[in-house]
Amino acid sequence: MESGGTVHSVIDGLAGSEGIRRDRLLQYLYALQGHFSHVPPEAIDRLASDLELPASHIRGVIAFYSFLHEMPRGDFDILFSDSITDHMQGSRELHRQLCERLGVASGQPRPDGRVTVDLTSCTGMCDQGPALLVNGLAVARLDAARIDTIAGLVEAGTALADWPPEFFAVEDNIRRRDLLLDDSSEGNALQALQVRGAEAILESLERSGLRGRGGAGFPTATKWRLCRESDADAHYVVCNADEGEPGTFKDRVLLNSHADRMVEGMTLCAGVIDARQGYIYLRAEYRHLREPLEAVLQRRREAGLLGRAILGSDGFDFDIEIHMGAGAYVCGEESSLIESLEGKRGIPRKRPPFPVNRGFHNRPTVVNNVETFMAAALIAQHGADWFRGAGTGPSSGTKLLSISGDCERPGIYEYPYGVSIREILADCGARDAQAVQVAGAAGATVAASEFDRAIAFDDLPTGGSFMVFDKSRDLLDMVLNFSRFFVHESCGFCTPCRVGGVLLRDLVEKVHAGHASDYDLEEMRSIGSLIRTSSHCGLGTTAPNPVLDTLDKFPEIYRRRLTGNGFEPAFDLDAALSDARRIAGRDDETAHAGVES
Ligand code: SF4
């Protein structure tokens, strides 16, 4: 937590010389949270007055984002990653250990206000878990000894700046390099743009076959062209650095070690679509990357590669701001991300219109993933054939995978598209794998009989998550973890996802607790299909995947827990009524459920 200043002085400082702006509301709230461990009521009133918004609107924004709070958190706000791979590495025991050491209940600030210990969704450190965030900064490679040290530091009130620096070391863990990660040439994509012009760059991108690396795979050249041809008084470039899919962490590595290329790709895009302003939407879990990214932007400004008259070209003006997310998985969806960028709750928009026509502030906007911008810069420099030389026809180039779970060498692997699951498992030292979850919680559960399938847009598309489960794992734990994740992350806008997700999670819990019957499995199929076909956005349409996939491919994880064919209650009614019986002084035979009077 930062210290010093009153609510008013902090807000005055945030507004700066440009004055207060509605589209920066989320950034003000994020900064206030950092100063005061919550957003104080007087800050809400001040912002409501200055921005001419109802206070309820501001409260709605705070409630939407997991990292914002109206009630104070502890001076040390500790969030354990609740990702399934962290569980597999013992995070739940470490979470319990820290709560016990500090005498704190999970999710509740300690009465003296010193500390809060809580859970959060995946922190993007699955290759070096278990991990936690303390006041937004990642601490990885947790073990019992490190937890003991953390407890001591918290009790002593030691400032984070004085914690052992190795606690905050985040490794890149690059294990396999190919086209993108192998490239060590100096960037000259912008010279290529100057010399060849925007149309030639678009033709190169078209011929390269580059498709969006976030998972959806929309052709990049088409997106840029549609935006360029959309008439408006302003165009925008947005880098989606909000990778929140459980098990994905490759953007963390690109932003840490290849940010120059990514920014070059954004600047290239700006030159093609004629944008003056860009944004990097950085997930809050990667706060440790903010300062290094600011430094990259500043270096590029000083080198004439960002700002006014880029490369001395009059009229080629483009700059980039970093916008912090605040813990909302749904903001990885491009229209939600744009809403969030405008300072609102990240509710997905209706489409069409698409962002290329009406995006940020209703102006044409290109939203691309970190990896996509990096690939675009390299294609402009090396040409379409260089890129097409790797991969398969409909899936050209390479893909970065974030590999975690049961394997000897977790980390970042770059492969040409078309690589098989079997080859990847051999490379990362996965023995005895029973399943791989490709593309995260929203992706596909791939059984051992399918390990010859390939990473490709026309087979197994992925934004990058690749989680390995060996035969010692109960896959129902994974399904339960993902079901809870989707309930937590649903934005609540549409009923199939909001209500259906809860019903589905409850049924998974019922199976897990050994109270379910065949009837419940049929209910799961039916509710899962309904959520898949009638939800408003991609979060809802993919949320039932883990349940439906495992019901088909791993029926035994459900069947071995079933109690029978008919209806089974999800809880023990007789036990639940015991308090009422005690108060009423009844313990005769007919006071018990299931006994006919
Ligand atoms: Fe929100 Fe879920 Fe509906 Fe998407 S599907 S709009 S996340 S409630």
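So, a few notes on the structure that sits alongside this text. Keep in mind it's a predicted model, so treat the numbers as computed, not measured.

Scanning the protein from N- to C-terminus turns up 26 helices and 14 strands. Relative to the compact-globule value of 25 Å for 597 residues, the protein shows a C-alpha radius of gyration of 25 Å, a close match. In the protein, buried positions account for 57% of the 597 residues. By sequence separation, contacts in the protein at least 24 residues apart represent 72% of the contacts at least 6 residues apart. On the protein, roughly 23600 Å² of surface is accessible, and the fraction owed to carbon and sulfur atoms is 49%. Taking the 62 positively charged and 87 negatively charged side chains of the protein as two groups, their mean positions are separated by 2 Å.

Near the ligand lie 13 residues; those nearest to it are Cys491, Phe493, Cys494, Cys497 and Cys537. Grouping the constituent residues of the shell around the ligand by class yields 8 nonpolar, 5 polar and no charged.

Along the chain, Arg351 connects to Pro352 via a cis peptide bond; the corresponding omega equals 0°. Positionally, Pro352 belongs in the loop between helix H15 (334-341) and strand E9 (365-369). Pro352 connects to Pro353 through a cis peptide bond whose omega is 5°. Within the secondary structure layout, Pro353 lies in the loop between H15 and E9. The phi torsion at Glu52 lies on the positive side, around 55°, for a residue other than glycine.

This part covers empty space enclosed by the protein. In the structure shown here, the tally under the stated rule is 6 cavities of 30 Å³ or more. Within this model, the largest cavity holds a volume of roughly 120 Å³. Arg283, Glu285, Gly327, Ala328 and Tyr329 are the residues nearest the centre of the largest cavity, which is lined by 15 residues in total. Among the elements that take part in the lining of the largest cavity, helix H19 (residues 475-489) stands out by supplying 3 residues, more than any other.

Turning next to the sheet that holds strand E3 (residues 132-134). Spatial ordering of the open sheet is given by E2-E1-E3-E4, a layout of 4 strands whose pairing is mixed. In this open sheet, the two edge strands, each paired with only one partner strand, are strand E2 (115-120) and strand E4 (137-139). Averaged over neighbouring strand pairs, the angle between their axes works out to 25° when direction is ignored. Inspection of the sheet shows strand E1 (residues 76-81) paired to E3 by 3 bridges, in the antiparallel sense. By the bridge assignment, Leu79 is partnered in E3 with Leu133. Along the sheet, helix H6 (residues 91-102) makes contact with E1 and E2, crossing E2 at roughly 165°. Along the sheet, helix H7 (residues 144-155) makes contact with E1, E2, E3 and E4, crossing E1 at roughly 160°.

For the rest of this paragraph, the subject is the environment of Phe466. Relative to the helices and strands, Phe466 is located in strand E14 (residues 465-470). Separated by 61 residues in the primary sequence, Phe466 and Gly405 place their C-alpha atoms 8.4 Å from one another. If we skip the residues at most four places from it in the chain, Phe466 touches Gly247, Leu401, Ser402, Ile403, Ser404, Ile421, Ile424, Leu425, Val436, Gln437 and Val438.

Our next topic: the packing of aromatic side chains. Applying the stated rule across the entire model yields 13 aromatic pairs. Judged by centre distance (6.5 Å) and plane angle (40°), the rings of Tyr236 and Tyr279 are tilted. Note that Tyr236 is positioned in strand E6 (residues 236-241) and Tyr279 in strand E7 (residues 277-282), a separation of 43 residues in sequence. The pair formed by Tyr236 and Tyr279 is uniform in burial state, with each residue classed as buried. Ring plane angle 40° and centroid distance 6.3 Å describe the contact between Trp386 and Phe387, whose orientation is recorded as tilted. You can call Trp386 partly exposed: its relative accessible area is 24%. The class of Phe387 is buried, set by a relative accessible area of 0%. Between the NZ or CZ atom of Arg211 and the centre of the ring of Phe457, over which it lies, the distance is 4.1 Å.

Relative orientation of the contacting elements helix H2 (residues 25-36) and helix H4 (residues 55-64) amounts to 65°, with a least axis distance of 11 Å. Comparing their axes, H4 and H2 come out roughly perpendicular. The element H2 and its partner H4 pack so that their crossing is right-handed. Residues Leu25, Leu26 and Leu29 of H2 pack against His57, Ile58, Val61 and Ile62 of H4. A class-by-class count of the residues in the contact of H2 with H4 yields 6 nonpolar, 1 polar and no charged.

So, how was this worked out
- Residues numbered from 1 in each chain as written.
- Predicted model: local features only at pLDDT ≥ 70, side-chain atom pairs only at ≥ 80, totals over all residues.
- Heavy atoms only, no water.
- Helix = DSSP H or I, 4+ residues; strand = E, 2+ residues; numbered from the N terminus.
- Rg over C-alpha atoms; globule rule 2.2 N^0.38 Å.
- Buried < 20%, exposed > 50% of the residue type's maximum accessible area, 1.4 Å probe, protein only.
- Contact = heavy atoms within 4.5 Å.
- Areas by Shrake-Rupley, 256 points an atom, 1.4 Å probe, with all protein chains shown as cover.
- Lys, Arg positive; Asp, Glu negative; His and termini not counted.
- Charge placed at Lys NZ, Arg CZ, Asp CG, Glu CD.
- Near = heavy atom within 4 Å.
- Nonpolar A, V, L, I, M, F, W, Y, C, P; charged D, E, K, R; others polar.
- 1 Å grid on protein atoms, 1.4 Å probe; cavity = no way out; pocket = protein on both sides within 12 Å on 5 of 7 lines; lining within 4 Å.
- Points joined across faces, edges and corners; volume = space filled by probe spheres on them.
- Pairing = 2+ DSSP bridges.
- Axes fitted to C-alpha atoms, helices over the stretch in contact; angles between N-to-C directions.
- Phe/Tyr/Trp six-rings, centres within 6.5 Å; stacked < 30°, edge-to-face > 60°.
- Lys NZ or Arg CZ within 6 Å of the ring centre and 35° of its normal.
- Parallel < 35°, antiparallel > 145°, perpendicular 65-115°, else oblique.
- Left-handed = near helix turned anticlockwise from the far one by under 90°.

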